[in-house]
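As a plain string of letters, each chain reads:
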Amino acid sequence: MIFIKEKGKGLLVCFGIAVVALLLGQWIPIIGGPVFAILIGMLLAFRIKEVKSLQAGITFTSKKILQYAVILLGFGLNLSVIAKTGQQSLPIIIATITTSLVIAFVLKRGLHMPANISTLVGVGSSICGGSAIAATAPVIAADDEEGAQAISVIFLFNILAAVLFPWLGTLLHFHGSEGFGVFAGTAVNDTSSVTATAATWDSMFHLGSATLDKAVTVKLTRTLAIIPITLFLGVQRMRKEEQEEKREGKKLAWKQIFPVFILYFLMASVITTVSTNVLHISPDIFLPLKELSKFFIIMAMGAVGLHTDIVKLVKNGGRPIFMGFCCWVGITLISLLMQRLLGIW
């Protein structure tokens, strides 16, 4: 009862934003629900910030609901399927992730950018867009404005990829579904944009859903990189916090820093894998959890938008956009190079 009294109104606002954003995302899938949610949240932020009774629920949504969304995301990952069909793309995935993170690190130093923004843009570009940013933000203690900035950058290049990559694939003489599916799965950031890009290629060459199936499998393999990267960032933050606490003579509360929810994400993946491969339970049983995960992410992005100053976001957007562009170009070139070296394209 106390929980509902303190957080109910804010949760209800975020729920309402999520419903509208979900419908808009279904209408214009190339943009997607999460981006619509951030935009709606930012437009409402000027009024909502003044209503104190909503703030507890909005904060709970942007922090806890976001973590629940990442955990539920694990129920969409069958590790055995990814192990079988993702092996071909694994070297490309490792190369593109490394490229993006190195570019982000170098530009962080060169452009004197804040560490959190650089990390979120690098991780979002290299792994899986909004989901990766959602998983990483609480680990590095990024605030909502930093998260919104990174997601806005990723969104921009998602749109460009979905529009330009089918044309680029034709120009580079990709044939069939295999090569372009790997390309879309490794070089496009967010799942909605991967789907849009691959589906466009299928429709152009009447391939059914062959390219889409390949691209989504590669994309799911990329998603697993959330685990080692967030754990690494969590350990790095723990070490830093521990040194600061020692200097101040305090004891480190590691449970408040270590990304325990990522372990739950891994457990969810294992449950799905064992259930479908050992117990022979239909994977369709996990579809409601996957859909709930998507809705929670949209809901959390609405809360992030409500905590974001749109004027400040636009004012500070130049350097993050340039970093996102460099990561995007680097990932695209490395994906093509690796495919050429591996004989896929």
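All of the points below concern the structure found in this document.

About the criteria used
- Residues numbered from 1 in each chain as written.
- Predicted model: local features only at pLDDT ≥ 70, side-chain atom pairs only at ≥ 80, totals over all residues.
- Heavy atoms only, no water.
- Core = buried A, V, L, I, M, F, W, Y, C linked by side-chain atoms within 4.5 Å.
- Buried < 20%, exposed > 50% of the residue type's maximum accessible area, 1.4 Å probe, protein only.
- Helix = DSSP H or I, 4+ residues; strand = E, 2+ residues; numbered from the N terminus.
- Contact = heavy atoms within 4.5 Å.
- Phe/Tyr/Trp six-rings, centres within 6.5 Å; stacked < 30°, edge-to-face > 60°.
- Axes fitted to C-alpha atoms, helices over the stretch in contact; angles between N-to-C directions.
- Parallel < 35°, antiparallel > 145°, perpendicular 65-115°, else oblique.
- Left-handed = near helix turned anticlockwise from the far one by under 90°.
- Nonpolar A, V, L, I, M, F, W, Y, C, P; charged D, E, K, R; others polar.
- Disulfide = S-S within 2.5 Å.
- Expected span 1.5 Å × (residues − 1).
- Salt bridge = Lys/Arg side-chain N within 4 Å of Asp/Glu carboxyl O.

1. Focus on the nonpolar core
I127, F165, F183 and M301 are the most contacted members of the largest nonpolar core, which has 92 residues in total. For this core, the element with the highest residue contribution is helix α14 (residues 287-306), accounting for 10 residues. When sequence neighbours within four positions are dropped, the list of residues in contact with F165 reads L160, F180, F183, A187, V188, T197, W328 and T332.

2. Considerations on the packing of aromatic side chains
With the rule as written, the count across this model stands at 13 aromatic pairs. The interplanar angle of 65° and the centroid separation of 5.4 Å between the aromatic rings of F15 and F295 together place this pair among those described as edge-to-face. One end of the pair, F15, is in helix α1 (residues 2-27); the other, F295, is in helix α14, and 280 residues separate them in sequence. For F15, a relative accessible area of 42% gives the class partly exposed. Overall, F295 belongs to the buried group, its relative accessible area being 15%. When the ring of F165 is compared with that of W328, the centres are 6.0 Å apart and the planes differ by 5°; the resulting orientation is stacked.

3. Concerning the packing of helix α6 (residues 115-126) against helix α16 (residues 318-342)
Two elements in contact, α6 and α16, have axes separated by 10 Å at closest approach and are oriented at 30°. One element, α6, and the other, α16, form an angle in the roughly parallel class. As α6 packs across α16, the resulting crossing turns out to be right-handed. Taken together, the residues of α16 that come into contact with α6 (itself represented by I117, S118, V121, S125 and S126) are P320, M323, G324, C327 and I331. The residue inventory of the contact of α6 with α16, partitioned by class, reads 6 nonpolar, 4 polar and no charged.

4. Overview of unusual backbone geometry
Residues other than glycine predominantly adopt negative phi, and peptide bonds predominantly adopt the trans conformation. At A141, a residue that is not glycine, the phi angle is positive and equals roughly 60°. Mapped onto the fold, A141 is located in the loop between α7 (130-136) and α8 (144-171). Phi is positive for H173, which is not a glycine, with a value near 65°.

5. Quick word on the state of the cysteines
For the structure on display, the rule yields 0 disulfides. C326 supplies the cysteine sulfur nearest to C327, a cysteine that is in no disulfide, at a spacing of 7.1 Å.

6. Some words on α1
Here α1 is 26 residues long and its end C-alpha atoms lie 38 Å apart, about the 38 Å a rise of 1.5 Å per residue gives. Residues K7, G10, L11, C14, I17, A18, A21 and G25 constitute the buried set of α1. Of the surrounding elements, those touching the buried residues of α1 are α2 (33-48), α3 (52-73) and α14.

7. Focus: the pattern of salt bridges
On inspection of all chains with the given rule, the structure shows 4 salt bridges. In this structure, the salt-bridge partner of K63 is D144, at a minimum N-O distance of 3.8 Å. Here K63, found in helix α3, pairs with D144, found in helix α8; they are 81 residues apart in sequence, far enough to count as distant. The partly exposed category is assigned to K63, whose relative accessible area is 35%.

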